[in-house]
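Architecture and fold: a report
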Amino acid sequence: MKTRRYIPFRHALYDLLSSMRFAISLLVVLSIASIIGTVLKQNEPYSNYHFEFGDFWFSIFEPIGLFDVYHAGWFLGILGFLVVSLSLCIYRHLPGFVREIKSYRASATANSLQLMQHHASGAGTPDQAAVLAHLKTAGFRWKIRDEDGAVLIAAKRGSWQKLGYFFAHSAMIVIFVGGLMDGNLPLKIRELFGNKVAETRDLPQSKVPPQSRLDAGNGSFRGNVTLAEGGGADVVFINSGNGYFVQELPFVLKLKQFHVEHYSTGQPKKFASDIEVLDRVSGKRITSGTVEVNKPLVVDGVAIYQSSFGDGGSGLTFARWDLATGQKTALAGRSQAAQAIRIGNDDYTLETGDLRVFNIENMGKPAAQTSTVAVSQLEQTLQSARSVKADHNLRNLGPSIQFKLRDSAGQATEYLNYLAPFNDEGTLYLVTGMRRAVSDAFAFVRIPLDDAAEVDTFQRLRATLLDAKNWPEIARRTADKAFKDGAFSATNHREFQAVAQNVLQQFALGGFPALERFLDAKVPKEQRQNVAQTYLKILQGAAIDAMELAQQRAGLPTLTMDAAHYRFLMDSLVANSALFDYGPPVYLQPTGFTEVKSSGFQLTRSPGKNIVYLGSILLVLGIFCMFYVREERLWLRMAGGRTLIAMSSNRRNRDFDREFERHRDALLPQEPGDAA
């Protein structure tokens, strides 16, 4: 029975770490991780990943660091092991490579040469000086061995082909070292021992505690900062898991002006920032320049990249419409801010988002009017009468502002309101969108504009339709027009007027859905469609009379009931119905803005970048040596009046066959010998 030889632990560990199988296994894991890091967007706020993947997958991906693969502890650990493993591989095999490169194999015997595939022999001996001249011309180096009357010339060329393996292995070590340097390994170690902790609270950067701040001497970092025009910053923020670190800069970055160019469609074509870099202490300018995408400005080893742009806190003005009374007041605000607002008897917080000057949308299909209540049959009937074609129609809808109205309980309704009118076949609308959940799409309401391109006429009509005091007068006018020829009795007139007033009342309770619910409850199913058509015609007529009443009470001329004005009234009914599901009873109409642009910068200090470049050069050299340099060895043995020539190469192909034949013909005596 064979006994197992005891191997000390340090020897076994050395054999493991220096083995190619171990290095290849690590490289496979590293490659898979790199693919994940390339496909999955890295270093985003955790809320984005939680929303995209859901609770289940987020709980799996987050602990193993897939959201920041290249800075994960296990990824940096693999890099470290690869550096050790490849270094030991070089240490283990380099002496043999060096010996092989230096060796001429001048101890080869006649038998060993004859066993080679490419060999030939002949009678006679060539002139040694001519042989050496030929070898020199062919680029060979040689060594001559004279022993027992036999002269052996051992020549070689291309022996530095073996350096390709050394260059390739060294290149990977250098690249991995660069990766470790840019992976901020010291920070990871300090986090491991609790010296540095990512801040998870939303604090002003001046309030962030020291354990979550990194000084300007930090060797490697990649952080982001957004500046409004005229603003400056001496820190950047580094995302770290579900928190962040505040990285101090060795200078102050100031944004002088932001430039953006657009295509005719409104899409951004080019954007750049004029910046100044100031001394932190004296405030004196160190340098200035313009940064664009992929054209950074490098200061004190820190590269300043243009990464994004947006709104920098623009001044906003609104016309605040009370949807219950139709009253209008002015409201001023600022984007990316919050302010208290009172609507009716309730307190709300107005949280404004970004101002967007360009909005490219496909306006081929009519916009949805509500997001939570199904469109009623009556509303579908009215919409189908003036629907537009569903063509692919990209338009720039102009400036928009996105904001939320949050009640005292913390529940928010989000809005997207456009400033410029939308033109649909000559009819102007203001577009406003609403949603109650971030995961929902905006449901848009198109508010028709009057002849002066204002909302005032629509609001007067809405206030008149919803005021119960006006219903008897509107119903009377509608009945008078229906019975103006005297064909019906007074009893029928009073009944028609009562029906018209009831239609107005039901519509005021919730628009078309409320009217349809009333029909479902009061009218038999087999009669419902005919009654619905009748109610719709009564409502259309009542809208005309309500418009006349509203204009008269405002001291304005009555609208001429042509096709354009009739469409305005029908669109107003649809918009009024949708506004019942609009959230708080207020419409904030954007009326103007003073744009303040902002620019997003990414600042990086990457000391490992140049090291990675060096590794890449070494890798190219290694690949070139291994694949494009051919090592050839030639032996010429002269003994006993005969000459034996043999050749070997690391790559045997037709080119080498022709090369052997050329040297054989040049070096062997004229008498032909045996050839293989």
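This text gives an overview of the structure that appears in the document. Worth saying up front: this structure is predicted, and the values here are computed from it rather than measured.

Reading guide: rules and limits
- Residues numbered from 1 in each chain as written.
- Predicted model: local features only at pLDDT ≥ 70, side-chain atom pairs only at ≥ 80, totals over all residues.
- Heavy atoms only, no water.
- Pairing = 2+ DSSP bridges.
- Helix = DSSP H or I, 4+ residues; strand = E, 2+ residues; numbered from the N terminus.
- Axes fitted to C-alpha atoms, helices over the stretch in contact; angles between N-to-C directions.
- Contact = heavy atoms within 4.5 Å.
- Expected span 1.5 Å × (residues − 1).
- Buried < 20%, exposed > 50% of the residue type's maximum accessible area, 1.4 Å probe, protein only.
- Arc of directions from axis to C-beta.
- 1 Å grid on protein atoms, 1.4 Å probe; cavity = no way out; pocket = protein on both sides within 12 Å on 5 of 7 lines; lining within 4 Å.
- Points joined across faces, edges and corners; volume = space filled by probe spheres on them.
- Nonpolar A, V, L, I, M, F, W, Y, C, P; charged D, E, K, R; others polar.
- Patch = residues over 30% accessible without salt bridge, like charges linked within 9 Å, V, L, I, M, F, W, Y side chains within 5 Å.
- Areas by Shrake-Rupley, 256 points an atom, 1.4 Å probe, with all protein chains shown as cover.
- Salt bridge = Lys/Arg side-chain N within 4 Å of Asp/Glu carboxyl O.
- Parallel < 35°, antiparallel > 145°, perpendicular 65-115°, else oblique.
- Left-handed = near helix turned anticlockwise from the far one by under 90°.

Quick look at the sheet that holds strand β26 (residues 642-649) now. Backbone-to-backbone hydrogen bonds join strands into a sheet, with any given pair of strands oriented parallel or antiparallel. The sheet built from 5 strands is open, its strands ordered β1-β26-β25-β3-β2 with antiparallel pairing. Each edge of the open sheet is held by one strand with a lone partner, namely β1 (118-123) and β2 (141-147). When strand polarity is set aside, the average angle formed by the axes of neighbouring strands in this sheet is 15°. Across the face of the sheet, helix α17 (residues 654-667) comes into contact with β1, β3 (150-157), β25 (632-639) and β26 while running at roughly 160° to β26.

In this model helix α16 (residues 608-628) runs 29 Å from its N-terminal to its C-terminal C-alpha over 21 residues, within 8% of the 30 Å that 1.5 Å per residue would give. Within α16 the residues assigned to the buried category are Gly608, Gly615, Leu618, Gly622, Cys625 and Met626. Down the axis of α16, the buried side of the element spans an arc of 100°, and every buried residue falls inside it. α16 presents Asn610, Ile617, Val620, Phe627 and Tyr628 as exposed residues on the side facing more than 90 degrees away from its buried surface. Buried positions along α16 lie against α7 (163-182).

The strand order across the open sheet formed by 3 strands is β13-β12-β23, and the pairing between neighbours is antiparallel. On the outer flanks of this sheet lie β13 (328-334) and β23 (586-594), each paired with one strand and no other. In this sheet, adjacent strand axes meet at a mean angle of 25° when their direction is disregarded. Across 7 bridges, the pairing between strand β12 (residues 315-322) and β13 is antiparallel. From the neighbouring strand, tryptophan 321 faces β13, where its bridge partner is lysine 328.

One pass over the full model with this rule turns up 4 cavities of 30 Å³ or more. What lines the largest cavity is a set of 15 residues, and nearest its centre among them are His71, Asn184, Leu187, Ile238 and Asn239. Tallied by class, residues from the lining of the largest cavity come to 4 nonpolar, 6 polar and 5 charged. Put simply, the second largest cavity is a space of about 60 Å³. Looking at the lining of the second largest cavity, the elements with two or more residues in it are β12, β18 (400-407) and β23. Of the residues belonging to the lining of the second largest cavity, the class tally is 8 nonpolar, 4 polar and no charged.

Here we come to a nonpolar patch on the surface. A surface patch of nonpolar side chains, amounting to about 660 Å² of accessible area, comprises Trp160, Leu619, Ile623, Phe624, Phe627 and Tyr628. For phenylalanine 627, the position within the fold is in helix α16.

α16 packs onto α7 with a crossing angle of 165° between their chain directions and a minimal axis gap of 7 Å. Overall, the two elements α7 and α16 adopt an arrangement that is roughly antiparallel. Crossing of α7 against α16: the hand is left-handed. Looking at the contact of α7 with α16, its residues break down into 15 nonpolar, 7 polar and 2 charged.

This brings us to the pattern of salt bridges. The tally for this structure, following the rule as stated, stands at 34 salt bridges. In this structure, glutamate 548 and lysine 481 form a salt bridge, with 3.3 Å as the shortest nitrogen-oxygen distance. A residue pair is termed long-range when its members are at least 10 positions apart, and glutamate 548 in helix α14 (residues 525-553) and lysine 481 in helix α11 (residues 471-482) qualify at 67 residues. Judged by its relative accessible area of 41%, lysine 481 is partly exposed. Two residues, aspartate 655 and arginine 658, come together in a salt bridge whose shortest N-O distance is 2.4 Å. Taken together, the residues aspartate 655 and arginine 658, both in helix α17 and 3 residues apart, mark about one turn of the helix.

Interpretation in functional terms is not warranted from these geometric data alone.
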